[in-house]
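Remarks on the overall topology
Here's the letter readout for the chains.
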Amino acid sequence: MKFFADTAEIDEIAELNDLGMVDGVTTNPSLILKSGRDILEVTREIAGMVEGPVSAEVVALEADDMLAEGRKLAEIAPNIAVKVPLTWAGLKTCKALSAEGTMVNVTLCFSANQALLAAKAGATFISPFIGRLDDINIDGMELIADIRAIYDNYGFETQILAASIRSANHMKDAALIGADVATAPPSVIRKMADHILTDKGLEVFMKDWAKTGQKIL
Ligand code: E4P
């Protein structure tokens, strides 16, 4: 499973990128707001740092305007994936941009039927939002499993990009189901390294090591 960093914070991306933990980046209007940066500038900077796809989201609601915004975002760098919402206008824009050879990430997906439409429209990525479904007592992970089954039934090449990930468990479950990509806040990716028994084990090793009186360096 590929890891995308779900952030527009340059420092956080750089740290994970240096560790080889970042296969791409996703942003959205809320993350751009949080970064306090200009969308074109920060997207260019991220796309220059990271080799993989960097999603940048359109904000127009009509297809023609979305297409124009998408083309402008795609001009930033060859690794830009234009993010469009899963609306009828978004699907039209997805079809047009995909035909032009631009990667498209169809976002705000909350049902298997929506994911099926995105694949038919030629999406490179479909972004089902796990956490926001969990928030309303619908099992977000079940949606990932449904989309995996449907895409596999028909050999769709659209990559399942598990989004709205809130915990390390979400990462594990998405990987077990076979999501192609998971996009998560850097804090969640870092939490994947945590285990209470690792901490306890290390504590014991350090105490015993001190008793040996030895040094490695
Ligand atoms: C992904 O592309 C989305 O921007 C993101 O995962 C949304 O996450 P949230 O529901 O935690 O805002």
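This text gives an overview of the structure that appears in the document. (Residues numbered from 1 in each chain as written. Predicted model: local features only at pLDDT ≥ 70, side-chain atom pairs only at ≥ 80, totals over all residues. Heavy atoms only, no water.)

What follows concerns the overall build of the chain. Looking only at helices and strands, the chain features 11 helices and 8 strands. Across the chain, every contact between residues at least 6 apart in sequence was considered, and the portion connecting residues at least 24 apart equals 57%. When the accessible surface of the chain is totalled, it reaches about 11500 Å², and 55% of it is carbon and sulfur. Between the averaged position of the 20 positive side-chain charges in the chain and that of its 31 negative side-chain charges there is a distance of 3 Å. (Helix = DSSP H or I, 4+ residues; strand = E, 2+ residues; numbered from the N terminus. Contact = heavy atoms within 4.5 Å. Areas by Shrake-Rupley, 256 points an atom, 1.4 Å probe, with all protein chains shown as cover. Lys, Arg positive; Asp, Glu negative; His and termini not counted. Charge placed at Lys NZ, Arg CZ, Asp CG, Glu CD.)

For the rest of this paragraph, the subject is the sheet that holds strand β3 (residues 54-57). Read around the closed barrel, 8 strands run β1-β2-β3-β4-β5-β6-β7-β8, paired in parallel fashion. The mean angle between the axes of side-by-side strands here comes to 30°, regardless of whether they run parallel or antiparallel. In terms of strand pairing, strand β6 (residues 125-128) meets strand β7 (residues 159-162) through 2 bridges, oriented parallel. Bridge pairing in β7 places Phe125 opposite Gln159. (Pairing = 2+ DSSP bridges. Axes fitted to C-alpha atoms, helices over the stretch in contact; angles between N-to-C directions.)

Around the ligand, the surrounding shell consists of Asp6, Thr26, Asn28, Lys83, Phe129, Arg132, Ala163, Ser164, Arg166 and Thr183. Take Arg132: an N or O atom from its side chain is 2.6 Å from an oxygen atom of the ligand. Here an oxygen atom of the ligand sits 2.7 Å away from a polar atom, N or O, in the side chain of Ser164. Computed on the free molecule, the ligand has an accessible area of 350 Å², of which 85% lies beneath the protein chains in the complex. Of the residues that constitute the shell around the ligand, the class distribution is 2 nonpolar, 4 polar and 4 charged. (Near = heavy atom within 4 Å. Polar contact = N/O pair within 3.5 Å; in protein donor to acceptor, adjacent residues only side chain to side chain. Nonpolar A, V, L, I, M, F, W, Y, C, P; charged D, E, K, R; others polar.)

Before going further, it helps to examine the pattern of salt bridges. For side chains of opposite charge, pairing can occur when their charged atoms come near one another. Inspection of every chain in the model, using the stated rule, returns 11 salt bridges. As a salt-bridge pair, Glu45 and Arg37 come within 2.8 Å of each other at their nearest N and O atoms. Note on Glu45: relative accessible area 34%, which makes it partly exposed. Judged by relative accessible area, which is 31%, Arg37 ranks as partly exposed. Asp152 is the partner of Arg148 in a salt bridge, and the nearest nitrogen-oxygen pair spans 3.1 Å. With a gap of 4 residues between them, Arg148 and Asp152 both fall in helix α8 (residues 140-154), about one helical turn apart. One network of salt bridges, in which partners are shared, links Arg148, Asp152 and Asp180. (Salt bridge = Lys/Arg side-chain N within 4 Å of Asp/Glu carboxyl O. Buried < 20%, exposed > 50% of the residue type's maximum accessible area, 1.4 Å probe, protein only.)

One can find Ala121 in the loop between α6 (112-120) and β6. Under the relative-accessibility criterion, Ala121 is labelled buried at 9%. Along the backbone, Ala121 and Ile189 are 68 residues apart, and their C-alpha atoms lie at a distance of 31 Å. When residues no more than four places from it in sequence are discounted, the contact partners of Ala121 are Leu91, Cys94, Lys95 and Ser98.

A few words on the pairing of strand β1 (residues 2-6). Counting buried positions along β1 gives 4 out of 5 residues, so the element sits mostly inside the fold. Across 4 bridges, β1 lies against strand β8 (residues 181-184) in parallel orientation. Bridged to Phe4 within β8 is Thr183. The parallel pair β1 and strand β2 (residues 24-26) is bridged by helix α1 (residues 10-18), and the resulting crossover is right-handed. (Right-handed = clockwise from strand over helix to strand, strands pointing away.)

This part is about the nonpolar core. Counting residues in each nonpolar core, the largest one holds 58 residues, and the members touching the most others are Ile46, Val106 and Ile126. Per-element accounting of this core gives the leading share, 5 residues, to α8. In this structure, Phe4, Ala81, Leu161 and Val181 belong to the second largest nonpolar core, which totals 5 residues. (Core = buried A, V, L, I, M, F, W, Y, C linked by side-chain atoms within 4.5 Å.)

It is worth spelling out the pairing of β6 at this point. Burial along β6 is two-sided: Phe125 and Ser127 and Ile126 and Pro128, pointing in opposite directions, are all buried. The pairing of strand β5 (residues 103-109) with β6 spans 3 bridges and is classified as parallel. Directly across from Val106, in β6, lies its bridge partner Ile126. Assessed by its sense of winding, the connection that carries the chain from β5 through α6 to β6 is right-handed.

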